[in-house]
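Chain and residue survey
Here are the chains, one letter per residue:
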Amino acid sequence: MAAASPIEVVRLPALSDNYVWLLHDPASGETVVVDPAEAPPVLDALAERGWSLTAIWNTHWHGDHTGGNAGLKDATGVAVFGPAAEAAKIPTLDHGLAEGDTVRIGDHGATVLEVPAHTAGHIAFHFADDALLFSGDMLFAMGCGRLFEGTAEQMYAAMRRFEALPDSTQVFCGHEYTQSNGRYARVAEPDNAAIVERMAEVDRLRAAAEPTVPTTIGEERATNPFLRASSVEMLAERRQAKDAFRR
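Residues numbered from 1 in each chain as written. Predicted model: local features only at pLDDT ≥ 70, side-chain atom pairs only at ≥ 80, totals over all residues. Heavy atoms only, no water.

Time to look at the overall build of the protein chain. Within the protein chain, the secondary structure is distributed over 8 helices and 14 strands. Its C-alpha atoms give the protein chain a radius of gyration of 17 Å, within 12% of the compact-globule value 18 Å for 247 residues. If you line up the protein chain on its principal axes, its C-alpha atoms span 50 × 40 × 35 Å. For the protein chain, the proportion of its 247 residues judged to be buried stands at 51%. In the protein chain, the share of contacts with a sequence separation of at least 24, taken over all contacts with a separation of at least 6, comes to 58%. Carbon and sulfur atoms form 50% of the exposed surface of the protein chain, whose accessible area is close to 10300 Å². Charge-centre separation for the protein chain: the mean point of 20 positive side chains lies 7 Å from the mean point of 35 negative side chains. (Helix = DSSP H or I, 4+ residues; strand = E, 2+ residues; numbered from the N terminus. Rg over C-alpha atoms; globule rule 2.2 N^0.38 Å. Buried < 20%, exposed > 50% of the residue type's maximum accessible area, 1.4 Å probe, protein only. Contact = heavy atoms within 4.5 Å. Areas by Shrake-Rupley, 256 points an atom, 1.4 Å probe, with all protein chains shown as cover. Lys, Arg positive; Asp, Glu negative; His and termini not counted. Charge placed at Lys NZ, Arg CZ, Asp CG, Glu CD.)

Below, the structure written as structure tokens:
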């Protein structure tokens, strides 16, 4: 059964193209921030809404996802939860998380998924009852993360895990990359009418300076060339092609 009081999710733009996600449970008053690139936008949003921060969750160690940890800890005294496998690279980490662990905000529980590939210890947070996925830099709208520390085999395995989630699952990723991802997607799958249709909407939104995320698993199943790759080899070829793509 889904919790009676839905989680409120607030999108906070940060740096050049990052998204920080602020989660609030009205029933308990608890508030969590996922991947704070920097502290000021989070503190401003909390003050504006009269919310008190209760935890920080990190999906991976990169500075554009952990850069606000120290400032938020200093300002609020809250603990940082993140991948145990990357503890050495997240000096502000208080609680290491591994596959199958559960983190909570009020009565809402998120299962920790270990999805290495972008980084060696990358995790995602999946609220099954609420149909929410915080994917960090692994699954993007029409894209996936670069293979900085992992392999195509790991990315392919992660895509299968994401693909298995219900179509209605909302995906909250770490960056506004949809337009560039979609331009490559049209090249990777030129006969995919769903990509053409989606890109028309993406281009309209970006022309109006509007965000294109969250997305859904259903949308990604239809238009994401990495989620749709039918083999490790195809995913590897597409990732290599996207890395060199300039259009």
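Resuming the write-up.
It is worth spelling out the pattern of salt bridges at this point. Per the counting criterion, the structure on display carries 13 salt bridges. Its salt-bridge partner being Arg161, residue Glu99 comes within 2.9 Å of it at the nearest N-O pair. Taken as a pair, Glu99 in the loop between strand 6 (95-97) and strand 7 (102-105) and Arg161 in helix 4 (residues 152-163) lie far apart in primary sequence, 62 residues in all. For Glu99, a relative accessible area of 39% translates into the label partly exposed. Here Arg239 ties to Asp243 by a salt bridge, and the two come within 2.7 Å at their closest N and O atoms. Remark: Asp243 and Arg239 occur in helix 8 (residues 232-243); sequence separation between them is 4 residues, near one turn of the helix. (Salt bridge = Lys/Arg side-chain N within 4 Å of Asp/Glu carboxyl O.)

Let us look at unusual backbone geometry. A cis amide bond links Val213 to the next residue, Pro214, at an omega of 15°. As for its position among the elements, Pro214 is in the loop between helix 6 (193-207) and strand 14 (215-216). Although it is not a glycine, Ala131 sits at a positive phi angle of roughly 55°. We note that Met142 has phi near 65°; this positive angle belongs to a residue other than glycine. Under the relative-accessibility criterion, Met142 is labelled buried at 0%.

A few words on the sheet that holds strand 4 (residues 55-57). Within the open sheet, the 6 strands sit side by side as 1-2-3-4-5-6. Their pairing is mixed. Edge positions in the sheet fall to strand 1 (8-14) and strand 6, since each of these pairs with one other strand and no more. Between one strand axis and the next, the sheet turns through 25° on average, direction left out of account. Both strand 3 (residues 31-34) and strand 4 contribute to a ladder of 3 bridges, which runs parallel. Within strand 4, the residue paired with Val34 across the bridge is Trp57. Contacts between helix 1 (residues 40-49) and the sheet are confined to strand 1, strand 2 (18-24) and strand 3, with strand 1 contributing the most and set at about 140° to the helix. Docked against the sheet, helix 3 (residues 69-76) engages strand 3, strand 4 and strand 5 (80-83), running at close to 170° with respect to strand 4. (Pairing = 2+ DSSP bridges. Axes fitted to C-alpha atoms, helices over the stretch in contact; angles between N-to-C directions.)

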